[in-house]
Amino acid sequence: MGQPVRDYLLTLCVTAAVTYLLTGPVRKFAIAVGAMPAIRARDVHREPTPRLGGIAMFGGLCAGLIVADHLFNLQGVFELSNEPRALLSGAALIWLIGVLDDKFEIDALIKLGGQMIAAAVMVIQGLTILWLPIPGVGTVALTQWQGTLLTVALVVITINAVNFVDGLDGLAAGMVCIASAAFFLYAYRLWMGYGIEAAAPATLFAAILMGMCLGFMPHNMHPARIFMGDSGSMLIGLVLAAGAISITGQVDPDLMKIFEGSEREATHALLPVFIPLVLPLTIIAIPAADLVLAIVRRTWNGQSPFAADRGHLHHRLLEIGHSHSRAVLIMYFWSALIAFGAVGYSVHSASSWIVFVIIAASAVGLVLLLMPRFTPRAPHWANRFVPPRYRHGGAEAEPEGDTAPAYEEAPAPVASGAQQGLTDASMDEEEAAERAPVAVGVSGVNGATAIGARSRFPDRRSIDSSR
């Protein structure tokens, strides 16, 4: 029982390492080809940041599948099931559409059609929902058209929900990583606890998805040096949906013997069967709620549902005073609470303490939402390992190294210009406008910063200073 865990861990580590190592060259490639769009009104970063991070994530996906195919305990997944090949085919198609969108900004309806085609490709190769468990009825087999429509709908909803939440540095990757960790625990328990081999592909998909997100997050945390773009957000959304469809479509509920014993026992035993259907919805509960609210808000204001705005949940967190990093951590907290709460309740549904733990954690989350001005401070011995804003003494605790002079030397060009006798009349507006994009495009591509002034960091850095 320990060997599959080691194989999954090895697959996860290889996927994360390949994704991490590829992200640096991909960033340079994105800058070279100009996949670095201008700042939009709804963006929260101030500097153009390269996209195409999905290229590195797709490379990690391929590496994870190749490694798993050569591991003794995971070879059966490829021999007994065509689902890994179906996943790779759909992922390649959705990744290609995302790459084109990151570079050329294709139409939203074209992306929607591509998402449906990618889901149909997986259905053709056997990755589809075959039946649904209905309380009081049992297992209801679906027709081919019913299963196809339900599968395509789940894939499209999950892809767009993940793509929708990709608005802050590290937000989408972190939330999907948390979701895949919860799903891995559920799928592995279903496989090893109930002895259902059909749950092995979903367990593999969850492990690979965790590796993709963990490998990309160091480059994507605030301030992000590269964005995953649609090529990454749609890719991880498809992999997440594929895991849920794999268990729902291939695991026979009768193998769990849920319809034996009393009605109460059957009701509690039925919960693990519904988790594959419910868990993707709980995982994307926050982005899905954001999606619904955005559609209602835009329609109410007479706008198109596809029109972009700054009314998303993460924008609201920034507006009420939360910093960029704290807003991301709050979204992490709620995602973990919903995902792991659902998995925990499926395991111990008869225990009332699970409900009390979830309620208590929800209360903690609400308190965090209402304390935007609170800044945690690390112990003195940890000052060297945390960002300056979390150190005792705030900005004064910054080390005297290469970072400190950058803030102090920033106003130097202004002072030197004044000494040379430059006046406002000697520089017209067109010349000033031409200089600004060059400075941002050349040395300002390292990352993004949150909107709004930082009280603890005086605005002393010039626009052409490097990080």
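This write-up is about the structure you can find in this document. (Residues numbered from 1 in each chain as written. Predicted model: local features only at pLDDT ≥ 70, side-chain atom pairs only at ≥ 80, totals over all residues. Heavy atoms only, no water.)

Thoughts on the packing of aromatic side chains
Tallied over the entire structure, the rule returns eight aromatic pairs. On the numbers, 5.9 Å between centres and 20° between planes, the contact of Phe184 with Tyr188 is stacked. Of this pair, Phe184 and Tyr188 both sit in helix α7 (residues 171-194), four residues apart, roughly one helical turn. Of the residues examined, Phe184 reaches a relative accessible area of 15% and is grouped as buried. Seen from their ring centres, Phe333 and Trp334 are 5.7 Å apart, and the 80° between their planes marks the pair as edge-to-face. Residue Phe333 is classed as partly exposed on the basis of its relative accessible area, which comes to 26%. Linked through ring pairs, Tyr8, Phe184, Tyr188 and Trp191 together constitute an aromatic cluster. (Phe/Tyr/Trp six-rings, centres within 6.5 Å; stacked < 30°, edge-to-face > 60°. Helix = DSSP H or I, 4+ residues; strand = E, 2+ residues; numbered from the N terminus. Buried < 20%, exposed > 50% of the residue type's maximum accessible area, 1.4 Å probe, protein only.)

So, unusual backbone geometry
For the bond from His222 to Pro223, the omega torsion is -5°, close enough to zero to count as cis. A positive phi angle, near 65°, is found at Leu52, a position not held by glycine. Inspection of the secondary structure assignment puts Leu52 in the loop between α1 (2-33) and α2 (54-69).

Digging into the environment of Leu52
Relative accessible area serves as the criterion here: at 2%, Leu52 is assigned to the buried category. Setting aside residues up to four positions removed in sequence, Leu52 forms contacts with Val26, Phe29, Ala30, Val33, Ala35, Val99, Asp102, Phe227, Met228 and Ser231. (Contact = heavy atoms within 4.5 Å.)

Notes on the nonpolar core
Of all hydrophobic cores here, the largest spans 93 residues; its most connected members are Tyr8, Leu61, Leu204, Leu235, Ile236 and Leu238. Sort the elements by how many residues they give to this core and α7 lands first, with 17 residues. Setting aside residues up to four positions removed in sequence, Leu204 forms contacts with Tyr8, Thr11, Leu65, Ala68, Leu74, Val77 and Phe78. (Core = buried A, V, L, I, M, F, W, Y, C linked by side-chain atoms within 4.5 Å.)

Notes on helix α5 (residues 108-124)
One turn of an α-helix holds 3.6 residues; hence residues three or four places apart share an orientation. In this model α5 runs 25 Å from its N-terminal to its C-terminal C-alpha over 17 residues, within 8% of the 24 Å that 1.5 Å per residue would give. Of all the positions in α5, only Lys111, Gly114, Gln115, Ala118, Ala119, Met122 and Val123 are classed as buried. Looking one or two places after α5, you find Gly126, whose phi comes out positive at around 105°. (Expected span 1.5 Å × (residues − 1).)

Considering the packing of α2 against helix α4 (residues 83-104)
One way to put it is that α2 packs onto α4 with a least axis distance of 11 Å and a crossing angle of 170°. By the angle between their axes, α2 is roughly antiparallel relative to α4. Contacts between α2 and α4 involve Gly54, Ile55, Phe58, Leu61, Cys62 and Leu65 from the former and Pro84, Leu87, Leu88, Ala91, Ala92, Trp95 and Val99 from the latter. Across the contact of α2 with α4, the residue classes break down as twelve nonpolar, one polar and no charged. (Axes fitted to C-alpha atoms, helices over the stretch in contact; angles between N-to-C directions. Parallel < 35°, antiparallel > 145°, perpendicular 65-115°, else oblique. Nonpolar A, V, L, I, M, F, W, Y, C, P; charged D, E, K, R; others polar.)

Thoughts on the pattern of salt bridges
Per the counting criterion, the structure on display carries three salt bridges. Between Lys111 and Asp101 there is a salt bridge; the shortest N-O distance is 3.6 Å. Separated by ten residues along the polypeptide, Lys111 in helix α5 and Asp101 in helix α4 bring together distant segments of the chain. Members of the salt-bridge network, linked through shared partners, are Asp101, Lys111 and Asp230. (Salt bridge = Lys/Arg side-chain N within 4 Å of Asp/Glu carboxyl O.)

Focus: the environment of Gly90
Within the secondary structure, Gly90 is located in helix α4. By relative accessible area, Gly90 is classed as buried at 0%. Separated by 31 residues in sequence, Gly90 and Val121 place their C-alpha atoms 5.9 Å apart.

Observations regarding the side chain of Asn220
Checked against the element boundaries, Asn220 lands in helix α8 (residues 200-220). A polar contact of 2.8 Å, which involves the side chain of Asn220, links it to the backbone nitrogen of Gly170. Reaching out from Asn220, the side chain makes a polar contact with the backbone oxygen of Ile226 at a distance of 2.8 Å. What Asn220 contacts, discounting residues up to four positions off in sequence, is Asp169, Gly170, Ile226, Phe227 and Met228. (Polar contact = N/O pair within 3.5 Å; in protein donor to acceptor, adjacent residues only side chain to side chain.)

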